[in-house]
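Chain residues, written in single-letter form:
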Amino acid sequence: MCTIYPDYYPRFSCIASRCTHNCCIGWEIDIDPDTLRRYQAEEGPMGQRLARSISAGEDPHFLLGEGERCPFLNQENLCDLILYKGEGFLCQICTDHPRFRTFLPNRAEVGLGLCCEEAARLILSQEKPVTLCGEAAGAPEPDAQALLDLREQLFALAQDRSQPIKDREQAILARCQTSLPDLTAAQWAEIYLNLERLNPAWTAILEDLRDHGEEADPVAFNRFMTGRETEYEQLLVYFLYRHFLTGYEDGDPGGKAAFAVLSTRLLRRLGARRWQRTGQFSLEDQAEYARLYSSEVEYSQENLDALFDLLMG
């Protein structure tokens, strides 16, 4: 097995208490079987606290407290489990987050999810084209190799800085022999509003796009973003990296490429609307929109499946 990762991946570090969207708030935190056994074997005051704080039924998880906070997130927004025994005492999901993994025969890929604000800032601030690192342990089987080769071509199209982002997106769709439904910004906003939603801020952003999205001037926004086009390149590459290879199992890599283009275009439309409304759109704004999108869409399998079905090639 080989492990592949984007070149920026080793530079990620959790900012802990400085995070304004703490991943220990508002998320149900599942506990893997090995960690559950370790927690149940813990003795003393911490063992008693763990017993009170865990639902150990069919799907073991921490019982969230007031404000949907993890019971081990203290008032300084630090983890009491880490302070008690170090990061090795965490359950698997806490150790991994915001990392994701994708698997092919003889190959594993790891990346950072945009749902984390620090990961979003790191990804969006990359000025150079992203490259993949790691060593292959052996040749993938032919079907997997064909998919990897196609993805390399899509990366090259996404990173062709001689072309505007919109043209790069269209080239990716053409290479995969797929397309997006011809819908207005308002219609796309309505589709996303019909998905499962958790954060009222995300609902408000989508409603604003539905009601006023056509007022934004994309040409003027593109001029405003001169020198920052790489943010959309990095988004496009991120979505391709995270989702394209999942088409190996369901047989629809074209739909995953379409999802990458759709996600990037929607975030660009949201940015244009915010700029049209406020006259400002910073890298921090971009990272926050990407974080919201990822949290609401990428971390809901139901939402992903609905969009994949819509975009099926």
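A brief look at the structure comes next.

Rules used in this analysis
Residues numbered from 1 in each chain as written. Predicted model: local features only at pLDDT ≥ 70, side-chain atom pairs only at ≥ 80, totals over all residues. Heavy atoms only, no water. 1 Å grid on protein atoms, 1.4 Å probe; cavity = no way out; pocket = protein on both sides within 12 Å on 5 of 7 lines; lining within 4 Å. Points joined across faces, edges and corners; volume = space filled by probe spheres on them. Nonpolar A, V, L, I, M, F, W, Y, C, P; charged D, E, K, R; others polar. Phe/Tyr/Trp six-rings, centres within 6.5 Å; stacked < 30°, edge-to-face > 60°. Lys NZ or Arg CZ within 6 Å of the ring centre and 35° of its normal. Helix = DSSP H or I, 4+ residues; strand = E, 2+ residues; numbered from the N terminus. Contact = heavy atoms within 4.5 Å. Polar contact = N/O pair within 3.5 Å; in protein donor to acceptor, adjacent residues only side chain to side chain. Salt bridge = Lys/Arg side-chain N within 4 Å of Asp/Glu carboxyl O. Buried < 20%, exposed > 50% of the residue type's maximum accessible area, 1.4 Å probe, protein only.

A separate point is the layout of surface pockets. Put simply, the second largest pocket is a space of about 740 Å³. Forming the walls of the second largest pocket are 26 residues, and the residues nearest its centre are Lys 166, Pro 218, Arg 265, Arg 268 and Arg 269. Of the residues belonging to the lining of the second largest pocket, the class tally is 16 nonpolar, two polar and eight charged.

So, about the packing of aromatic side chains. Applying the stated criterion across every chain yields a total of 18 aromatic pairs. Against the face of Phe 308 rests Lys 256, its NZ or CZ located 4.6 Å from the ring centre. Here Arg 268 stacks its cationic end above the ring of Tyr 232, 5.7 Å away from the centre of that ring.

A separate point is the environment of Cys 133. Along the chain, Cys 133 falls in strand S6 (residues 132-133). Between the alpha carbons of Cys 133 and Ala 144 there is a distance of 18 Å; along the sequence they are eleven residues apart.

Let us look at the environment of Glu 214. Position of Glu 214 relative to the elements: it lies in the loop between helix H9 (200-212) and helix H10 (218-224). Those residues in contact with Glu 214, other than ones at most four positions away along the chain, are Thr 184, Ala 185 and Ala 186. Among the polar contacts made by the side chain of Glu 214, one reaches the main-chain amide nitrogen of Ala 185 at a distance of 3.1 Å.

Going through the model one piece at a time under the given rule, you end up with 23 salt bridges. For Glu 109, the salt bridge is made with Arg 107, and the minimal N-O distance between the two is 2.9 Å. The buried category is assigned to Glu 109, whose relative accessible area is 2%. With a relative accessible area of 14%, Arg 107 lands in the buried category. Of the charged contacts in the structure, one is a salt bridge between Glu 117 and Arg 121, with a shortest N-O distance of 3.3 Å. Separated by four residues within a single helix, Glu 117 and Arg 121 lie in helix H5 (residues 117-124), roughly one turn from each other. The class of Glu 117 is buried, set by a relative accessible area of 6%. Within this structure, Glu 117, Glu 118, Arg 121 and Glu 284 form a network of salt bridges that share partners.

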